[in-house]
2 protein chains.
Amino acid sequence: MKRVSIKDVAREAGVSTATVSYVLNRHPGESISAETTQRVLEAAARLNYVPNLNARSLSSRHTNLIGVLIPQTEPGKAFVFSNPFYGELLSAIEYTARENGYHLLLSGTREDQNYASIAQNRGVDGIVIVGTYPGENLDALRTIGVPVVLVDSYVTDSAFHTIGIRDREGARMATQYLIEKGHRDIAFVSGSIRENGVNSKRYQGYCEAMQAAGLPVRQDALYLGTVSHEFGQQAADMYVQRGAKQTAAFVTADILAMGFAKGLMERGVSIPKDISIVGFDDVYLAQMCYPSLTTVHQDIAQKGKLAVQCILDALENPNAGRMEHILPLTLTERDSVEERSAGEC
Amino acid sequence: MKRVSIKDVAREAGVSTATVSYVLNRHPGESISAETTQRVLEAAARLNYVPNLNARSLSSRHTNLIGVLIPQTEPGKAFVFSNPFYGELLSAIEYTARENGYHLLLSGTREDQNYASIAQNRGVDGIVIVGTYPGENLDALRTIGVPVVLVDSYVTDSAFHTIGIRDREGARMATQYLIEKGHRDIAFVSGSIRENGVNSKRYQGYCEAMQAAGLPVRQDALYLGTVSHEFGQQAADMYVQRGAKQTAAFVTADILAMGFAKGLMERGVSIPKDISIVGFDDVYLAQMCYPSLTTVHQDIAQKGKLAVQCILDALENPNAGRMEHILPLTLTERDSVEERSAGEC
DNA sequence: CGCCTTTACTTAACCGTTTCAGTGGTTTTA
DNA sequence: TAAAACCACTGAAACGGTTAAGTAAAGGCG
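Residue indices follow the written sequence of each chain, beginning from 1 at its first position. Chains and ligands are labelled by the order in which they are written, letters from A for the one and numbers from 1 for the other. In keeping with the predicted nature of the model, local features appear solely for residues at pLDDT of at least 70, side-chain atom pairs appear and are counted solely at 80 or more, and the whole-chain, interface and lining totals rest on all residues. Note that water and hydrogens are dropped before the side-chain values are worked out from all heavy atoms of the structure.

*Asks:* Go over the relation of the copies chain A and chain B, please, and point to the residues and values.
*Replies:* Between the two copies of the chain lies a relationship made up of a rotation around an axis and a movement along it. Between chain A and chain B, the superposition needs a rotation of 180° and an axial shift of 0.1 Å, giving an RMSD of 0.2 Å. The two molecules are tied by a two-fold rotation axis, judged by turn and shift. Among all residues of chain A, the one whose C-alpha sits closest to the rotation axis is A:Leu105, at a distance of 2.4 Å. Any two residues whose heavy atoms approach within 4.5 Å at even a single point are treated as in contact. The overlap is high: 100% of the interface residues of chain A also sit at the interface in chain B, so the same surface is used on both sides. The copies were overlaid by least squares, fitting only the C-alpha atoms of residues that reach a pLDDT of 70 or more in each copy.

Right under this line is the structure:
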């Protein structure tokens, strides 16, 4: 199974490999006669020639490859499990990349891992990293020489481009919405709050909204664990066992909200009658579950698209400075929230 | 931002590049003194040397790259949207691949696309293709010279390895289960049935079970569309508009079942009280939704793992023949099915 | 001691491309 | 009509590695 190389084409067409290369890449400022072009093209077609992109990258110094790193919380546990958000994002990234002639090198990340290795090993042209925390070791990335875009990260480093949302404001909006609907005692259900992580921002937003309305942030209204469906159910457990009386909950991820809702419903708590829920992300599932989820909507597809676009822009114009995109957030009303008249509580 | 190459290391250590290469790759039968080894290793560490895998593949003729092709039903619509099954599978593939030192080259596929191109371009060592139909043009893959494994495909071609399940039997099992629960009038909700496609097998299984029980397969009990949450809801629409009286439904994909269930519940049909539902795949979501889904369970993680393993085996032993793995199917009982006493209907 | 191994390297070819720097031949310009 | 410019190519180096073959020195053996 001998691969046919440019040499074979050159021989077949009776020209040099350089000529074949020029013909195939339509080099600007190079002139190849129509006749030769024709001959080369025919030879290539006849031999079924496909250029070897690896070899090409070796000399051209770029690979048309984008590295994508997605968090894989637990080693055995795959990333899409923990949050479908990643799957949707990945899809958008893949689509945009391919549209622009790039392929994706996919890797799950664990915290102990050297973020830079894939990039260096394979010589990717750019890297998209999803959800890192400040404090993780990103030093190797800083000097790697290819554009790096951080999606949903509060790492601030002039070496990295960022795509994000205003998590704090989104959370405030969600909480405020519940308050406007007449709720006073509002639970906060979330993955663990790490400093400068996404969840800590959302917690801030929650607190701000509560305080602005003159409502207390009670410790026992906080349900903190991991961003997973399981923990959502555990939180529901805690809710009923404590005999908690929050009439609403702001949950910082849809997947978590789904688990929470399910756990509650199974224990006889009705949604939204007994408790209203607002999620975050507007994952595709949010409209699929029952009851469908009122949630803070972000354009996940756009996020993925921008991430790739950002790499592309940086590649095109290496001297342009750091780029920062903030996507708008809106509140999508569905069926998991109910108005509560003042007297009811 | 000059990359440090093996030459730099060689210079730094005062040896030839060959020596560096030998040291780094612990070549069997080659002897390098402990002292030199030490010197090279130190030089490499000092310079922060990372081998360029692309260059390596050029001479070593393998890339440690596995190409993964996942169907992307509609161009704009990302693959995980259409079915979370793919996301879970992909995760498992990624995990197993990386465990074995392989990276993943990910690509969505559309029908019009040349399956072989990525493989040829990038020189991947193996290809995993998910969900192709017989009749699609796979010729280019046959002569590509790297192992190809088809996941969930009824293409029979000695050139390809396969990983699959007994779709027909799974469907029979599900339908039989509903029959045993006392249901006589059972709907079949599915994506479109293409010859020799997965859904056609599941349809066969459904028919077999019905016939074995002496029950008719009624045309108006068939709800055929696409494998998507939307169509599930549409099917629910049809169900209530027709005033259908099926007391149970076998739905050929969990995602579809979720849409169906949701559509029904929103129209006041209760599950499982009014209608029982059995899904297929046991996607992670099946246990997350409410009510949780009774479904035909397959080990998706295992499927992904086997796909990679299959490539690895074929690479190790190129002369071994075609491999075929069939994974077992079981029925997972949850909350979407209810027994129906004979008189009730 | 001379010959054969073994050890510990080095040399150089090669993998498949790209691309810079020619090279003849023809055409244009001064 | 000689010099300059242009055209249509070719040669060869370079990209960063691997590896077969070669070599010089040391060690073993009769």
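*Asks:* Give me the nonpolar core: which residues, what numbers.
*Replies:* In terms of nonpolar packing, the biggest core is built from 158 residues, with A:Phe260 and B:Phe260 touching the most fellow members. If we ignore the near neighbours within four places in the chain, the residues touching B:Phe260 are B:Val189, B:Gly232, B:Gln233, B:Ala235, B:Ala236, B:Tyr239, B:Ala249, B:Val251, B:Ile275 and B:Ile277. For this analysis, a nonpolar core means a set of buried residues of the types Ala, Val, Leu, Ile, Met, Phe, Trp, Tyr and Cys, connected via side-chain atoms within 4.5 Å. A 1.4 Å probe rolled over the protein chains alone gives each residue an accessible area, and that area as a share of the maximum for its type sets the label: buried under 20%, exposed over 50%, partly exposed in between. Counting residues in each nonpolar core, the second largest holds 32 residues, with A:Leu69, A:Leu138, A:Leu150 and B:Leu65 among its members.

*Asks:* Give a detailed account of the pattern of salt bridges, specifying residues and quantitative values.
*Replies:* Between side chains of opposite charge, pairing is possible as soon as their charged atoms come close. Residue and element names in this part refer to chain A. Criterion for a salt bridge: a side-chain nitrogen of Lys or Arg within 4 Å of a carboxyl oxygen of Asp or Glu. A full pass over the atoms with the stated rule returns 35 salt bridges over all chains. The salt bridge involving Arg-142 is made with Asp-139; its shortest N-O contact spans 2.7 Å. Taken together, the residues Arg-142 and Asp-139, both in helix α8 (residues 139–142) and three residues apart, mark about one turn of the helix. Since its relative accessible area comes to 38%, Arg-142 is described here as partly exposed. When the shortest N-O distance is used, the salt bridge between Arg-168 and Glu-208 registers 2.9 Å. With a gap of 40 residues between them, Arg-168 in helix α9 (residues 167–180) and Glu-208 in helix α10 (residues 198–212) connect regions that are remote in the sequence. Accessibility expressed as a relative area gives 26% for Glu-208, which makes it partly exposed. Helix numbering and strand numbering both begin at the N terminus, where a helix is a DSSP run of H or I of at least 4 residues and a strand a DSSP run of E of at least 2.

*Asks:* Which residues make up the protein's contact with DNA strand C, and what values do they have?
*Replies:* For each residue, the test is whether any non-hydrogen atom lies within 4 Å of the molecule or strand; if one does, the residue is near. Neighbouring residues of DNA strand C: 30 residues in total, closest A:Ile6, A:Ser21, A:Asn52, B:Thr19 and B:Ser33. A share of 65% is what sugar and phosphate atoms reach among the atoms of DNA strand C within 4 Å of the protein. Pairs of N or O atoms are called polar contacts if they sit within 3.5 Å, as long as, within protein, a hydrogen donor faces a hydrogen acceptor (for residues adjacent in sequence, only side-chain-to-side-chain pairs). One of the side-chain N or O atoms of A:Ser21 is found 2.6 Å from a phosphate oxygen in DNA strand C. Between DNA strand C and A:Ala55 there is a distance of 3.4 Å, counted from a base nitrogen to a backbone nitrogen or oxygen. Mapped by element, the contributors of at least two residues to the surface near DNA strand C are α1 (6–13), α2 (17–25) and α4 (53–60) of chain A together with α2 (17–25) and α4 (53–60) of chain B. Partitioned by chemical class, the residues of the surface near DNA strand C number 13 nonpolar, 12 polar and five charged. Three classes are used: nonpolar for Ala, Val, Leu, Ile, Met, Phe, Trp, Tyr, Cys and Pro, charged for Asp, Glu, Lys and Arg, and polar for all others, with Gly counted as polar.

*Asks:* Quick one: what's the story with the interface of chain A and chain B, residue by residue and with numbers?
*Replies:* Contacts between the two partners involve 61 residues from chain A and, on the opposite side, 61 residues from chain B. Defined in terms of a 1.4 Å probe, buried area is the accessible area two parts forfeit on being brought together, summed over both. Between chain A and chain B the total buried area reaches about 5,400 Å² when both faces are included, carbon and sulfur atoms providing 56% of it. By the criterion of area lost to chain B, the three top residues of chain A are A:Asn54, A:Arg122 and A:Tyr290, representing 14% of everything that side buries. Taken together, the connections running from chain A to chain B amount to zero salt bridges. Of all the secondary-structure elements, those providing two or more residues to the side of chain A that touches chain B are α4, α5 (79–82), α6 (84–99), β2 (103–109), α7 (116–122), α11 (229–241) and α12 (254–266) of chain A. When residues of the side of chain A that touches chain B are assigned to their parent elements, the largest contribution, eight residues, is made by α6(A). By residue class, the composition of the side of chain A that touches chain B is 28 nonpolar, 22 polar and 11 charged. Where β2(A) and strand β2 (residues 103–109) of chain B come together, three bridges link them in antiparallel fashion. Here, strands pair whenever DSSP counts at least two bridges between them.

*Asks:* Tell me about unusual backbone geometry, residues and numbers included.
*Replies:* All names here are of chain A. In this model, Ile-271 is joined to Pro-272 through a cis peptide bond whose omega is 5°. Positive phi values are uncommon outside glycine, yet Asp-281 reaches one of about 120°. Residue placement: Asp-281 occurs in strand β9 (residues 276–281).

*Asks:* Please provide a residue-by-residue account of the environment of A:Ala43, values included.
*Replies:* Residue and element names in this part refer to chain A. Looking at the element boundaries, Ala-43 is found in helix α3 (residues 34–47). The spatial distance from the C-alpha of Ala-43 to the C-alpha of Arg-11 is 8.9 Å, given a sequence separation of 32 residues. Apart from the residues lying within four places of it in its own chain, the contact partners of Ala-43 are Val-9, Glu-12 and Ala-13.

*Asks:* Can you break down a positive patch on the surface residue by residue, with the values?
*Replies:* Each patch is built from salt-bridge-free residues with over 30% relative accessible area, joining like charges within 9 Å and nonpolar side chains (Val, Leu, Ile, Met, Phe, Trp, Tyr) within 5 Å. For accessible areas, the Shrake-Rupley method is used with a probe of radius 1.4 Å. Any residue's cover is judged against the shown protein chains and nothing else. Charge convention: Lys and Arg are scored as positive, Asp and Glu as negative, and His as well as the terminal groups of each chain are ignored. Just so you know, the charge point we use is NZ for Lys, CZ for Arg, CG for Asp and CD for Glu. Taken together, the side chains of A:Arg61, B:Lys2, B:Arg3 and B:Lys7 make up a positively charged region of the molecular surface. Assignment of secondary structure puts A:Arg61 in the loop between α4 and β1 (65–71). Exposure remark for A:Arg61: the relative accessible area of 65% places this residue in the exposed category.

*Asks:* Give a description of the pairing of strand β4 (residues 148–151) of chain B that names residues and reports values.
*Replies:* Residues and elements named next belong to chain B. Residues of β4 alternate between two faces, with Val-148 and Leu-150 on one and Val-149 and Val-151 on the opposite face, all of them buried. Relative to β4, strand β3 (residues 126–130) is paired through four bridges, and the arrangement is parallel. Looking across to β4, one finds that Val-130 is bridged to Val-151. Relative to strand β5 (residues 161–165), β4 runs parallel, the two being bridged by three bridges. Opposite Leu-150, over in β5, you have Thr-162 as the bridge partner.

*Asks:* Lay out the protein's contact with DNA strand D in plain terms, naming residues and giving numbers.
*Replies:* The full set close to DNA strand D counts 30 residues, and A:Thr19, A:Ser33, A:Thr36, B:Ile6 and B:Ser21 are the nearest of them. Near the protein, within 4 Å, the atoms of DNA strand D are sugar or phosphate in 69% of cases. A distance of 2.4 Å separates a phosphate oxygen of DNA strand D from a polar side-chain atom of A:Thr19. In the model, a phosphate oxygen of DNA strand D is placed 2.8 Å from a nitrogen or oxygen of the B:Arg56 side chain. Its residues assigned to classes, the surface near DNA strand D shows 13 nonpolar, 13 polar and four charged.

*Asks:* Help me get a handle on the domain arrangement of chain A, residues and values and all.
*Replies:* Boundaries between domains were set according to an automatic or database domain assignment. Splitting chain A by domain gives domain 1 (6–51), domain 2 (65–165 + 300–327) and domain 3 (167–298 + 331–344). A separation of 63 Å is found between the C-alpha centroids of domain 1 of chain A and domain 3 of chain A.

*Asks:* Now, about the packing of aromatic side chains: what can you tell me, with residues and values included?
*Replies:* Ring pairs shown here join Phe, Tyr and Trp side chains whose ring centres sit within 6.5 Å, with only the six-membered ring taken for Trp; geometry is labelled stacked below 30 degrees between planes, edge-to-face above 60, and tilted in between. Going through the model one piece at a time under the given rule, you end up with 16 aromatic pairs over all chains. Ring centres 6.3 Å apart and planes at 55° place the aromatic pair B:Phe250 and B:Phe280 in the tilted group. Here B:Phe250, found in strand β8 (residues 248–251), pairs with B:Phe280, found in strand β9 (residues 276–281); they are 30 residues apart in sequence, far enough to count as distant. Counting every residue linked through ring pairs, the aromatic cluster contains A:Phe188, A:Tyr203, A:Tyr206, A:Phe250 and A:Phe280. Ring-over charges, as used throughout, are those where CZ of Arg or NZ of Lys falls within 6 Å of the ring centre and within 35 degrees of the ring normal. In this structure, A:Lys201 is placed above the aromatic ring of A:Tyr154, and the distance from its NZ or CZ to the ring centre is 4.7 Å. Sitting over the face of the ring of B:Phe280, B:Arg202 holds its NZ or CZ atom 3.6 Å from the ring centroid.

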